[in-house]
Amino acid sequence: MAEASPAMQAAMAARTVRMFGAVEILFPGYALRLIDGPGAFAAAPWNAFTGRDPRFGTIASIDTISDGTGDDAPAISLTLNPANDIAVASLAASAMQGSRVRCWLGVVQATTGIVVPDPILLFDGKLDVATIKWGSRSRSVDYDIVSDFERFFDLEEAIRLSDSHHQDVWPGEQGLAFVTGVTATVPWGTNNLGSVVTK
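The rules behind the values
- Residues numbered from 1 in each chain as written.
- Predicted model: local features only at pLDDT ≥ 70, side-chain atom pairs only at ≥ 80, totals over all residues.
- Heavy atoms only, no water.
- Helix = DSSP H or I, 4+ residues; strand = E, 2+ residues; numbered from the N terminus.
- Buried < 20%, exposed > 50% of the residue type's maximum accessible area, 1.4 Å probe, protein only.
- Contact = heavy atoms within 4.5 Å.
- Areas by Shrake-Rupley, 256 points an atom, 1.4 Å probe, with all protein chains shown as cover.
- Pairing = 2+ DSSP bridges.
- Axes fitted to C-alpha atoms, helices over the stretch in contact; angles between N-to-C directions.
- Polar contact = N/O pair within 3.5 Å; in protein donor to acceptor, adjacent residues only side chain to side chain.
- Patch = residues over 30% accessible without salt bridge, like charges linked within 9 Å, V, L, I, M, F, W, Y side chains within 5 Å.
- Salt bridge = Lys/Arg side-chain N within 4 Å of Asp/Glu carboxyl O.

**Q** Which residues make up the overall build of the protein, and what values do they have?
**A** A count of helices and strands for the protein gives 3 helices and 7 strands. Burial analysis of the protein (199 residues in total) assigns 29% to the buried set. Taking all contacts inside the protein whose residues are at least 6 apart in sequence as the whole, residues at least 24 apart take part in 55%. For the protein, the accessible surface area stands at approximately 12600 Å², while carbon and sulfur atoms represent 52% of it.

Written as structure tokens, this is what we have:
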């Protein structure tokens, strides 16, 4: 976690401290900026954050950030209370996966409503899995959010030196489309070229 700025340290040492958590999710075509409580802030850029988004609702909970160890990357869970069923469907849509998520811890001045400079950036990651939960009188969307370090665990299995796989990675690039006369399969990334036959 980043160290608090001098202004934040002074604000947190005061007799009365008004802390807040803020979440920003950059969905395709829409920036969701929420704080963990009612109201809003007085000055830019934090005045873009609000307690209730008219389209997507409110924050229900934010779980503890886990440090990644072994085969796990740092992660966090976030639960949203969507405004309606349309919002539920939008939040769980596959197009939302991979959206950037940032979480901050900040302090707001009680008398002015202005955020103390440089809230602490606690987490910067991407949406991974959305889970819809329905209750008798409630609905929520749980998000698993992972850090960019998750990419280091990709095994890249099933990669092949073939036109079909090449087109999957680089659509429209036809570097392997017209290769002819290959009589042996060449596994991707192999160092042993002794079995390659050319004509």
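**Q** An account of the sheet that holds strand S1 (residues 19-27) is requested, with residue identities and associated values reported.
**A** Taken together, the 7 strands give an open sheet; going across it, the order is S2-S1-S5-S6-S7-S4-S3, and neighbouring strands pair in antiparallel fashion. Edge positions in the sheet fall to strand S2 (30-35) and strand S3 (58-62), since each of these pairs with one other strand and no more. In this sheet, adjacent strand axes meet at a mean angle of 30° when their direction is disregarded. Direction of pairing for S1 relative to S2: antiparallel, over a ladder of 6 bridges. Among the inter-strand pairings, Phe27 is bridged to a residue of S2, identified as Tyr30.

**Q** Outline the environment of Phe49, supporting the account with residue identities and numerical values.
**A** Its location among the elements puts Phe49 in the loop between S2 and S3. Its relative accessible area of 5% is what places Phe49 among the buried residues. Along the primary structure Phe49 and Gly39 are separated by 10 residues, whereas in three dimensions their C-alpha atoms are 8.9 Å apart. Excluding residues within four positions of it along the chain, Phe49 makes contact with Ala22, Val23, Glu24, Arg33, Leu34, Ile35, Ala40, Phe41 and Trp104.

**Q** Mind laying out unusual backbone geometry, listing which residues take part and the relevant values?
**A** Looking along the chain, the bond that leaves Ala44 and enters Pro45 is cis, with omega of 0°. Note that Pro45 resides in the loop between S2 and S3. One non-glycine residue, Asp118, lies in positive phi territory at about 60°. Turning to its location among the elements, Asp118 is positioned in the loop between strand S5 (100-107) and strand S6 (120-134).

**Q** Describe the environment of Ser99, naming the residues involved and giving the relevant values.
**A** Within the secondary structure, Ser99 is located in the loop between helix H2 (85-91) and S5. Other than its neighbours up to four places away in sequence, Ser99 contacts Ile25, Leu26, Phe27, Pro28, Gly125, Lys126 and Leu127. Among the polar contacts made by the side chain of Ser99, one reaches the main-chain carbonyl oxygen of Met96 at a distance of 2.7 Å.

**Q** How would you explain a nonpolar patch on the surface if you had to name every residue and give the values?
**A** A contiguous nonpolar surface patch, about 220 Å² in accessible area, is contributed by Met12, Val17 and Met19. Relative to the helices and strands, Met12 is located in helix H1 (residues 6-12). A residue is classified by how much of its surface remains accessible, and Met12, at 32% relative accessible area, is partly exposed.

**Q** Please set out the pattern of salt bridges residue by residue, giving values where relevant.
**A** Here the structure, examined in full by the defined rule, presents 5 salt bridges. A salt bridge links Glu24 to Arg33; the shortest N-O distance between them is 2.7 Å. Judged by relative accessible area, which is 25%, Arg33 ranks as partly exposed. Here Asp85 and Arg139 are joined by a salt bridge, their closest N and O atoms 3.2 Å apart. Remark: Arg139 occurs in strand S7 (residues 139-147) and Asp85 occurs in helix H2; sequence separation between them is 54 residues.

**Q** An account of the pairing of strand S4 (residues 75-81) is needed here, citing residue identities and associated values.
**A** In the sheet, S3 pairs with S4 via 4 bridges, with the strands oriented antiparallel. Across the sheet, residue Ser61 finds its bridge partner in S4, namely Thr79. For S4 and S7, the ladder comprises 6 bridges, and the chain directions are antiparallel. By the bridge assignment for S7, Ser77 is matched with Asp144.

These figures come from the coordinates and say nothing about function on their own.
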